[in-house]
Structure formats: structure tokens, C-alpha cells
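Residues per chain, in single letters:
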Amino acid sequence: MKTVVLFFEKGAPTRKILFYQLDPGRNLGKTNPLNDEDLAEFVKLQRTFADSPKSWSVDAKSIDPTTFDLSVKNPNGGEEIVHRTPKKIMDEITALDAESAEVLEI
């Protein structure tokens, strides 16, 4: 999880948690720091807790109170990749090995 900033409103209980997935489109570092332009969309969205492809809100009650784990996946992030099971991969390898052996015998 790459969350680096948390904001709290003093004197009010947290009801909603806004997540924002920052993607500046470049590598950040000492010689290429984060700037105001990188955060412009976040600043705009955080005022209203608006959802976008890079931001989403979660009800604070849905966070596990024993761990307070904030690693929530972006529900707007597109389709989830479905990976083959290890058994299917091994079956394919076996079939390809058999096919290769057949070709080499000819």
C-alpha cells in the first residue's frame, strides 16, 4: 500500500475515508519531486469526497477495528485479472512438453 498522507477533521468522528490513487506518470525522487500540479486533482476531489477513476470512498465502519487495515483496492480500477490455477499451468506445460517431444521424434 502506498498511502503516505492521512487527513483528520479535528473534533469530528471519521465517517468516511477517501482514497486517492496518485499516478503522476513519472518516477518520483530527489531530483523529480512531487509538485502542486501532481496533487491538483486530489485537492479538487477531497473537498467533496467525489468518486473518480482514481478516487473512492469507504465507510469508516467497514474498516476492521482490530487492525485498522487501510489497504483497500480501487473499485474503479478496471477489470480484475483472473489468473490460471497452478494445476492448469502445469497441465499446459505437460501438454506442450508432449507436443515438443512428438515434433522432435519426427
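What you see is a predicted model, and the numbers here were worked out from it, not measured in a lab. (Residues numbered from 1 in each chain as written. Predicted model: local features only at pLDDT ≥ 70, side-chain atom pairs only at ≥ 80, totals over all residues. Heavy atoms only, no water.)

Draft legend 1. Examining the packing of aromatic side chains more closely. According to the stated counting rule, one finds 2 aromatic pairs in the structure shown. Taking 5.5 Å as the distance between ring centres and 10 degrees as the angle between the ring planes, the aromatic pair formed by Phe19 and Trp56 counts as stacked. Residue Phe19 is located in strand β1 (residues 16-20), and its partner Trp56 is located in strand β2 (residues 55-59); the two are separated by 37 residues in the primary sequence. Exposure remark for Trp56: the relative accessible area of 6% places this residue in the buried category. (Phe/Tyr/Trp six-rings, centres within 6.5 Å; stacked < 30°, edge-to-face > 60°. Helix = DSSP H or I, 4+ residues; strand = E, 2+ residues; numbered from the N terminus. Buried < 20%, exposed > 50% of the residue type's maximum accessible area, 1.4 Å probe, protein only.)

Draft legend 2. Representation of the confidence of the model for the protein chain in the model. Of all residues in the protein chain, 92% have pLDDT values of 70 or greater, and the mean over the chain is 85. Taken element by element, the protein chain is modelled with least confidence in β1, mean pLDDT 86, and with most confidence in helix α2 (residues 86-105), mean pLDDT 93. (pLDDT = per-residue confidence, 0-100.)

Draft legend 3. Fine view of helix α1 (residues 36-46). Looking at α1, one finds that the buried residues are Asp38, Phe42 and Leu45. The buried residues of α1 occupy one face: seen down the axis, they fall within an arc of 60 degrees. Residues of α1 that are exposed and point more than 90 degrees away from the buried face comprise Asp36, Glu37 and Lys44. Between a side-chain oxygen at the N-terminus of α1 and the backbone nitrogen of Glu37 the separation is 3.0 Å; the capping residue is Asn35. (Arc of directions from axis to C-beta. Polar contact = N/O pair within 3.5 Å; in protein donor to acceptor, adjacent residues only side chain to side chain.)

Draft legend 4. A look at the side chain of Asp38. Among the structural elements, Asp38 can be located in helix α1. With sequence-adjacent residues up to four places away left out, Asp38 is seen in contact with Leu22, Pro24, Arg26, Leu28 and Pro33. (Contact = heavy atoms within 4.5 Å.)

Draft legend 5. Broad picture of the environment of Thr66. Locating Thr66 in the fold gives a position in the loop between β2 and α2. Expressed as a C-alpha distance, the spacing of Thr66 and Ala40, which sit 26 residues apart in the sequence, is 34 Å. In this structure the side chain of Thr66 is engaged in a polar contact, spanning 2.7 Å, whose partner is the side chain of Asp64.

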